[in-house]
Amino acid sequence: MKIAVFGAGAWGTALAMAAAQRHDTLLWARDASQAQALLAERRNSRYLGGVALPPTLRVTADFSQAQAHACQGLTVIATPMAALREQLARIPDARPVLWLCKGFEARTGALGHEVAREVRPSAAAGVLSGPSFALEVARGQPTALVAASNDTALVQSAVAAFHGDNLRVYSSTDTVGVEVGGAVKNVLAIATGIVDGLAGAGREGAPGLNARAALITRGLAEMTRLGVALGARPDTFMGLSGLGDLVLTATGDLSRNRRVGLMLAAGRTLPETLSELGHVAEGVYSAVTVRDRARAAGVEMPITDAVCEVLEGRLGPADALRLLMARDPRPEA
Ligand SMILES: NC(=O)c1ccc[n+]([C@@H]2O[C@H](COP(=O)([O-])OP(=O)(O)OC[C@H]3O[C@@H](n4cnc5c(N)ncnc54)[C@H](O)[C@@H]3O)[C@@H](O)[C@H]2O)c1
Ligand SMILES: O=P(O)(O)OC[C@H](O)CO
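Residues numbered from 1 in each chain as written. Chains lettered and ligands numbered in written order. Predicted model: local features only at pLDDT ≥ 70, side-chain atom pairs only at ≥ 80, totals over all residues.

Participant: Got a minute to help me understand the nonpolar core in this structure?
Facilitator: Burial of nonpolar side chains together is a common tendency in soluble globular proteins. Within the largest apolar cluster, 105 residues are counted, with the highest numbers of intra-cluster contacts made by Val5, Ala14, Leu15, Val76, Ala191 and Val307. Considering every element that reaches this core, the biggest residue donor is helix H9 (residues 175-200), with twelve residues. Mapped onto the domain boundaries, this core takes at least three residues apiece from domain 1 (2-173) and domain 2 (176-326). Setting aside its immediate chain neighbours within four residues, Val5 contacts Gly12, Leu15, Ala16, Thr25, Leu27, Trp28, Val76 and Ala78. (Core = buried A, V, L, I, M, F, W, Y, C linked by C-beta atoms within 7 Å. Buried ≥ 20, exposed ≤ 12 C-beta atoms within 10 Å, placed from the backbone. Helix = DSSP H or I, 4+ residues; strand = E, 2+ residues; numbered from the N terminus. Domains from an automatic or database assignment. Contact = placed C-beta atoms within 7 Å.)

See the structure below:
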């Protein structure tokens, strides 16, 4: 099978490495200098440290070459959400496309499948999501993902492309649920990072592990409410792209979104945090959109609201937590 992966950041490179074990895989990097460095060093040192690229993985900065490579195979977009629309518009209409981005488009509030429906209304489209730190996948550590689309052939291609010894790919037809899970968990990981950062401060009454467990559980309830209001199936949120990715991102220090929360709790401003991070943290750009879509759908999302208040500088991390704790009692379900 021929596979072209567009975007040579952490995740695009890691999945291209996995696919190249069994398929003719070409990784497209936007910058010629980055492609040259990948070819010369045979590793993606900026995003994946010293992990070696498999000898079979090919790399190019030539977009037409990558397009031609994918013309009878699988096209995979591995950019941040902000670049999905632009990349989709460059791909011929008849070609099925799978993307890896997790988020809502900041300008329009659209999920990936909504952007795809606008840009390429008649083409097969789908998403690959689930709990997956790129570094672990690049190192060949066991990981499970889920491919979602209403196009069965595209889901089968995604499974054939990536399912292997240490990478399991499940399938789903609930694209809305899978995308809402992947987007909202990033915002919730910022929240748990904030709480764990406040815990680290060690003051009397500072939050501990109980608070983190409460945030994850109530965060899952928020995510599910929004997803169901947007047309998802509730059981999807108990799966890899919901609970699975929420647990990973909210608790794993490899998460960039969690690290944003930790740094904000340590007193850094958002611009300082983002410049120190040096990588995309989608939750920062999706939080306001999640809030706005929830409001439009009449869904209450207090944790997301609190994260927005902190990101927009209206509340400090400790005040945001106090506000959440001060909410009126209510039934759990
Ligand atoms: N890193 C992970 O562990 C991981 C895992 C699962 C999903 N994701 C998701 O995958 C997406 C990409 O994340 P990442 O970790 O690879 O990000 P990254 O910051 O490591 O890399 C992003 C890459 O996209 C490229 N890019 C940015 N704008 C572009 C544009 N307009 N056109 C073409 N290329 C562009 C950058 O040059 C860079 O190579 C995000 O939505 C993220 O949430 C990441
Ligand atoms: O580093 P993060 O926070 O973008 O999370 C990476 C992946 O989405 C985890 O599944």
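Participant: Even after reading the chapter, I still don't get the site of ligand 1, so can you show me in this structure?
Facilitator: Residues in close proximity to ligand 1 total 24 residues, the closest being Gly9, Trp11, Ala83, Cys101 and Ala134. The dominant element in the shell around ligand 1, judged by the number of residues it contributes, is helix H1 (residues 10-19), at three residues. Split by domain, the residues of the shell around ligand 1 number at least three in each of domain 1 (2-173) and domain 2 (176-326). (Near = placed C-beta within 6 Å.)

Participant: Looking at this model, I keep getting lost on the UniProt feature "binding site: substrate" (unreviewed entry) in the protein. Mind explaining?
Facilitator: If you check UniProt for "binding site: substrate" (unreviewed entry), the listed places come out as Lys102, Arg256 and Asn257 in our numbering. Maximum C-alpha separation among the annotated residues is 12.8 Å over a sequence range of 156 residues, consistent with a single clustered spot. In this fold, Lys102 is placed in the loop between strand S5 (97-99) and helix H6 (112-119). The exposure class of Lys102 is buried, given the 30 C-beta atoms found within 10 Å. Filtering out sequence-adjacent residues up to four positions away, Lys102 remains in contact with Ser129, Gly182, Ala183, Asn186 and Glu282. Among the structural elements, Asn257 can be located in helix H12 (residues 256-265). (UniProt positions renumbered as here; feature names shortened; annotations may be inferred.)

Participant: Can you help me understand the environment of Ala281 in this one?
Facilitator: Summarising the element assignment, Ala281 is placed in the loop between helix H13 (270-277) and helix H14 (282-296). The sequence separation of Ala281 and Leu254 amounts to 27 residues, and the corresponding C-alpha distance is 12 Å. Here Ala281 is in contact with Arg256, Asn257 and Val260, once residues within four sequence places are set aside.

Participant: How should the UniProt feature "domain: Glycerol-3-phosphate dehydrogenase NAD-dependent N-terminal" (unreviewed entry) in the protein be read in this particular structure?
Facilitator: In this structure's numbering, the residues bearing the UniProt feature "domain: Glycerol-3-phosphate dehydrogenase NAD-dependent N-terminal" (unreviewed entry) are residues 2-153. For residues 2-153, helix accounts for 35% and strand for 20%, while the C-alpha atoms at its two ends are 15 Å apart.

Participant: Which parts of the structure should I look at to understand the site of ligand 2?
Facilitator: Contacts to ligand 2 come from Lys102, Pro131, Ser132, Phe133, Asn186, Ala189, Asp245, Leu248, Thr249, Ser255, Arg256 and Asn257. Those elements that provide at least two residues to the shell around ligand 2 are H9, helix H11 (240-251) and H12. Broken down by element, the residue count for the shell around ligand 2 peaks at three residues, all from H11. Residues belonging to the shell around ligand 2 are distributed by class as follows: four nonpolar, five polar and three charged. Split by domain, the residues of the shell around ligand 2 number at least three in each of domain 1 (2-173) and domain 2 (176-326). (Nonpolar A, V, L, I, M, F, W, Y, C, P; charged D, E, K, R; others polar.)

Participant: Whenever I open this one, the pairing of strand S7 (residues 143-148) confuses me. Can you help?
Facilitator: Along any regular strand, the residues point their side chains to alternate faces of the sheet. Burial runs high along S7: five of the six residues are buried. In the sheet, strand S6 (residues 125-129) pairs with S7 via three bridges, with the strands oriented antiparallel. Bridge pairing in S7 links Ser129 to Val146. Two elements, S7 and strand S8 (residues 167-172), share six bridges in a ladder whose sense is parallel. Opposite Ala148, over in S8, you have Ser172 as the bridge partner. For the crossover from S7 across helix H8 (residues 152-162) to S8, the handedness is right-handed. (Pairing = 2+ DSSP bridges. Right-handed = clockwise from strand over helix to strand, strands pointing away.)

Participant: Please explain the environment of Thr289 as it appears in this structure.
Facilitator: With respect to the secondary-structure elements, Thr289 resides in helix H14. Of the residues examined, Thr289 has 23 C-beta atoms within 10 Å and is grouped as buried. Spatially, the C-alpha atom of Thr289 lies 34 Å from that of Gly73, the residues being 216 residues apart in sequence. With near-sequence residues (within four places) excluded, Thr289 lies in contact with Phe104, Ala106 and Gly109.

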